[in-house]
Structures are given as structure tokens and as C-alpha cells.
Amino acid sequence: MPLQVNIRHLEAKEIVLQGELPVAELDLDQHDELVHPRLPLRYDVTAQMLDAAILVQGRLELTLDCECARCLKPFQFQIELAPWAAHMPLEGPEKAVIKDDLADLTPLVREDILLELPQHPLCEADCAGLPVRAKESKTKGAGQMENSSAWSELNKLKF
């Protein structure tokens, strides 16, 4: 169920909304394989009517399961928008879509969460990345050391 507020109730007084919004409702189309939103978004917001607009203020929290972009170690990343505020006009060219007296706040939440998603998540700011391992090459009795990283194959190519 999307995060919605009845504008008729807002005309009388402000409304406090608390709860969780499933990740499926947020419709976070992810192209980053390292970020996985799995837990629901927690919200604690107050909505009030201001002239010809709705003002929403409060707190949004979302926990992400991530993989480090350097070492691929799994870790959790917390997005916390506090204080969070959004302005939804009810008139003009950017007016909100009202259906059966309900204004959907989900697009506002989605937009702000998308802006906070990490692009290249790191488990630590100074993550060194994957360890480089060396192995002994068995070539005709010579005891040479060879780099076993993924780059060793690319280094053999000549352009």
C-alpha cells in the first residue's frame, strides 16, 4: 500500500503518519548489482495543509544490503533522512495527482531515497580492495613467482 494522505482530513488539522513502506512500493529500479534494498522503509512524518500545498516533514530510514565495490565484502548501509521535508503543490503546473481525495506521498519519498543511494558502496572509507595473491609457477624447473590476479591475463595482451 502506498504512503497516502487524505486531503480532506488535512483541512481540519495536521496528520501524523508512522509505519513501514515495503520496498516493492518504492519501485527502486536498481542498476547497481552491489546495492540491494530488502528491508521496508520506516517513516515518521507529519503532513499539514499550507495554502494550496501539502507540507510533509519528518524522518525516513532505509537499511540496504550492500557489497563493497572494492573487496566485495557484504555490509549494511543505513540511509537516514532526518530532518526530511517535502512540498507537494495542489495547484499549478506541478500539482499533485489527487485520486479519491488521496494524495500519494510515495513519489516524493522515492525521489529523495534514490538521490541518497550509494553509487559505489565501500565497507570502509580506506578499503584496500581484494588481496593480491602470488603462486609458484611450475615451468621446467624454474621457480618463478606469478601474479594470480585477474589483471595477469590482461597484462599478457599486446595492443
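See the structure shown above.
Just so it is clear, the structure is predicted and the values come from calculations on it, not from any experiment.

A few words on the overall build of the protein. Secondary structure assignment for the protein yields 4 helices and 10 strands. Walking the protein from its N terminus toward its C terminus, one meets helices and strands in the order β-α-β-α-β-β-β-β-β-β-α-β-β-α. A buried classification covers 31% of the 159 residues belonging to the protein. Contacts spanning at least 24 positions in sequence make up 57% of the contacts within the protein whose residues lie at least 6 apart. By element, 51% of the accessible surface of the protein is carried by carbon and sulfur atoms, the whole surface being about 11000 Å².

Quick look at the pattern of salt bridges now. Scanning the entire structure with this criterion turns up 6 salt bridges. Here Glu11 makes a salt bridge to Arg8, at a shortest N to O gap of 2.9 Å. Here Arg8 and Glu11 lie together in helix H1 (residues 7–12), a separation of 3 residues that amounts to about one turn. You can call Arg8 partly exposed: its relative accessible area is 44%. Between Arg38 and Asp65 there is a salt bridge whose closest N-O contact spans 3.7 Å. Of this pair, Arg38 sits in the loop between strand E3 (35–37) and strand E4 (41–50) while Asp65 sits in strand E5 (residues 53–67), and the two are 27 residues apart along the sequence. Its relative accessible area of 55% is what places Arg38 among the exposed residues. What you see here is one network of salt bridges that share partners, running through Arg42, Arg59, Glu61 and Glu80.

One finds Leu41, Ile54 and Trp84 to be the most contacted residues of the largest nonpolar core, which totals 36 residues. Apart from residues no more than four positions distant in its own chain, Ile54 is found in contact with Val5, Ile7, Leu10, Ala47, Gln48, Met49, Ala86, His87, Met88, Leu90 and Ala103.

In this section: the sheet that holds strand E8 (residues 102–104). Taken in spatial order, the 3 strands of this open sheet run E1-E8-E7, and their pairing is antiparallel. With one partner strand each, in any of the chains shown, strand E1 (4–6) and strand E7 (98–99) form the two edges of the open sheet. Here 3 bridges tie E1 to E8, and the two strands are oriented antiparallel to one another. Residue pairing for E8: Gln4 is matched across the bridge by Asp104.

Taken together, the side chains of Trp151, Leu154 and Leu157 present a nonpolar region at the surface, about 360 Å² in accessible area. Inspection of the secondary structure assignment puts Leu157 in the segment after helix H4 (151–156). Its relative accessible area of 49% is what places Leu157 among the partly exposed residues.

Attention shifts here to the pairing of E5. Where E3 and E5 come together, 3 bridges link them in antiparallel fashion. The residue of E5 that forms the bridge with Pro37 is Leu64. When E4 meets E5, the two strands line up antiparallel, connected through 9 bridges. The partner of Asp44 across the bridge, within E5, is Arg59. Joining the antiparallel neighbours E4 and E5 is a turn of 2 residues, in which Asp51 adopts a positive phi near 50°. The turn linking E5 back onto strand E6 (residues 74–89) is made up of 6 residues, and Leu72 within it adopts a positive phi angle of 65°.

About the criteria used
- Residues numbered from 1 in each chain as written.
- Predicted model: local features only at pLDDT ≥ 70, side-chain atom pairs only at ≥ 80, totals over all residues.
- Heavy atoms only, no water.
- Helix = DSSP H or I, 4+ residues; strand = E, 2+ residues; numbered from the N terminus.
- Buried < 20%, exposed > 50% of the residue type's maximum accessible area, 1.4 Å probe, protein only.
- Contact = heavy atoms within 4.5 Å.
- Areas by Shrake-Rupley, 256 points an atom, 1.4 Å probe, with all protein chains shown as cover.
- Salt bridge = Lys/Arg side-chain N within 4 Å of Asp/Glu carboxyl O.
- Core = buried A, V, L, I, M, F, W, Y, C linked by side-chain atoms within 4.5 Å.
- Pairing = 2+ DSSP bridges.
- Patch = residues over 30% accessible without salt bridge, like charges linked within 9 Å, V, L, I, M, F, W, Y side chains within 5 Å.

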